[in-house]
Amino acid sequence: MTSPRTRWIGLLFISLSISLVIIDGTIVNTIFPEIITELDLSSTEVQWVQESYVLVFAATLLIWGSLADRVGRRRLLIIGIVIFLAASAWAGSADSANSLILSRVVQGFGGAMVLPTTLSLVNATFQGRERGIAFAVWGSTIGGMVAVGPVLGGWLATDFTWRWAFLINVPLGIVIILG
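Notes on the structure follow. The model shown is predicted, which means the values in this text are computed figures rather than measured ones.

On to the packing of helix α3 (residues 73-92) against helix α7 (residues 169-178), then. Geometry of a packed helix pair, given as the angle between the helix axes and the separation of the axes. Running from N to C, α3 and α7 cross one another at 165°; their axes reach a closest spacing of 9 Å. Taken together, the axes of α3 and α7 lie roughly antiparallel to each other. α7 is crossed by α3, and the crossing has left-handed handedness. Two secondary-structure elements touch here, α3 through I81, V82, F84, L85, S88 and A89 and α7 through N169, V170, G173, I174, I176 and I177. For the contact of α3 with α7, the class distribution of residues is 9 nonpolar, 3 polar and no charged.

This is how it looks when you write it as structure tokens:
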């Protein structure tokens with residue numbers, strides 16, 4: 001049995017993991033003007049950049065949740081974060097629509113590995129009243145990050161470059177893996 005302190009620190013890193021995935025689902029909407037200009041995207045390509053992530057994410061979510069129960073939640077979470085980080089670096093360095101779309105597909109796979117494993121980790125780590133509080137933190141994190149994504153994307157695209165909307169995932173993901 002883990003100590004209460006260790007469980008709550010674990011919840012911090014679980015929350016950071018889910019934050020990374022949720023923000024990435026919303027951040028892209030605010031950086032499209034810069035991406036369109038730099039990569040000369042068509043309206044169809046813009047749609048694929050956004051929707052490819054969501055389609056793969058939604059289509060594979062249940063598969064990864066089931067697999068996490070068999071191979072280990074923590075292991076699959078870390079694999080998902082690593083895939084997500086590699087795809088984020090790829091997206092941040094994309095030089096064409098095809099490259100950006102493919103990187104978003106891979107991000108979708110990584111993100112879909114992360115979401116159910118974080119939920120499962122919360123369920124397995126906490127009991128009783130603490131479980132209810134932990135689920136509230138997990139759910140609130142998702143809700144909050146839906147709002148943070150567009151703001152963060154707008155700031156990064158305005159003050160830096162749209163590429164940082166993806167590249168910011170790399171140092172944050174490394175912190176999560178170390179945690």
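Moving on to the packing of helix α1 (residues 4-39) against α3. Contact geometry for α1 and α3: axes closest at 11 Å, N-to-C directions at 40°. Our classification of the angle between α1 and α3 gives oblique. Like other packed secondary-structure pairs, α1 and α3 cross with a definite hand, here left-handed. Contacts from S17, L20, V21 and D24 in α1 reach L77, I81, F84 and L85 in α3.

Take α3 next. Taking 1.5 Å of rise per residue, the 20 residues of α3 would be expected to cover 28 Å, and the 28 Å separating its terminal C-alpha atoms lies within 8% of that figure. Buried within α3 are the following residues: L76, L77, G80, I81, F84, L85, A87, S88, A91 and G92. For α3, the secondary structure elements touched by its buried residues are α1, α2 (43-71), α4 (97-125), α6 (164-167) and α7.

Here the focus is the pattern of salt bridges. The full count for this structure, using the stated rule, is 4 salt bridges. R104 serves as the salt-bridge partner of D24, at 2.5 Å between the closest nitrogen and oxygen. Here D24, found in helix α1, pairs with R104, found in helix α4; they are 80 residues apart in sequence, far enough to count as distant. Using a relative accessible area of 1% as the deciding quantity, one classes D24 as buried. Residue R163 is joined to E38 by a salt bridge in which the shortest nitrogen-to-oxygen separation is 2.6 Å. Highlighted residues: R163 in the loop between α5 (128-159) and α6 and E38 in helix α1, separated in sequence by 125 residues. Overall, the relative accessible area of 16% leaves R163 in the buried class.

Cut-offs applied
- Residues numbered from 1 in each chain as written.
- Predicted model: local features only at pLDDT ≥ 70, side-chain atom pairs only at ≥ 80, totals over all residues.
- Heavy atoms only, no water.
- Axes fitted to C-alpha atoms, helices over the stretch in contact; angles between N-to-C directions.
- Helix = DSSP H or I, 4+ residues; strand = E, 2+ residues; numbered from the N terminus.
- Parallel < 35°, antiparallel > 145°, perpendicular 65-115°, else oblique.
- Left-handed = near helix turned anticlockwise from the far one by under 90°.
- Contact = heavy atoms within 4.5 Å.
- Nonpolar A, V, L, I, M, F, W, Y, C, P; charged D, E, K, R; others polar.
- Expected span 1.5 Å × (residues − 1).
- Buried < 20%, exposed > 50% of the residue type's maximum accessible area, 1.4 Å probe, protein only.
- Salt bridge = Lys/Arg side-chain N within 4 Å of Asp/Glu carboxyl O.

On their own, these measurements won't tell you what the molecule is for.
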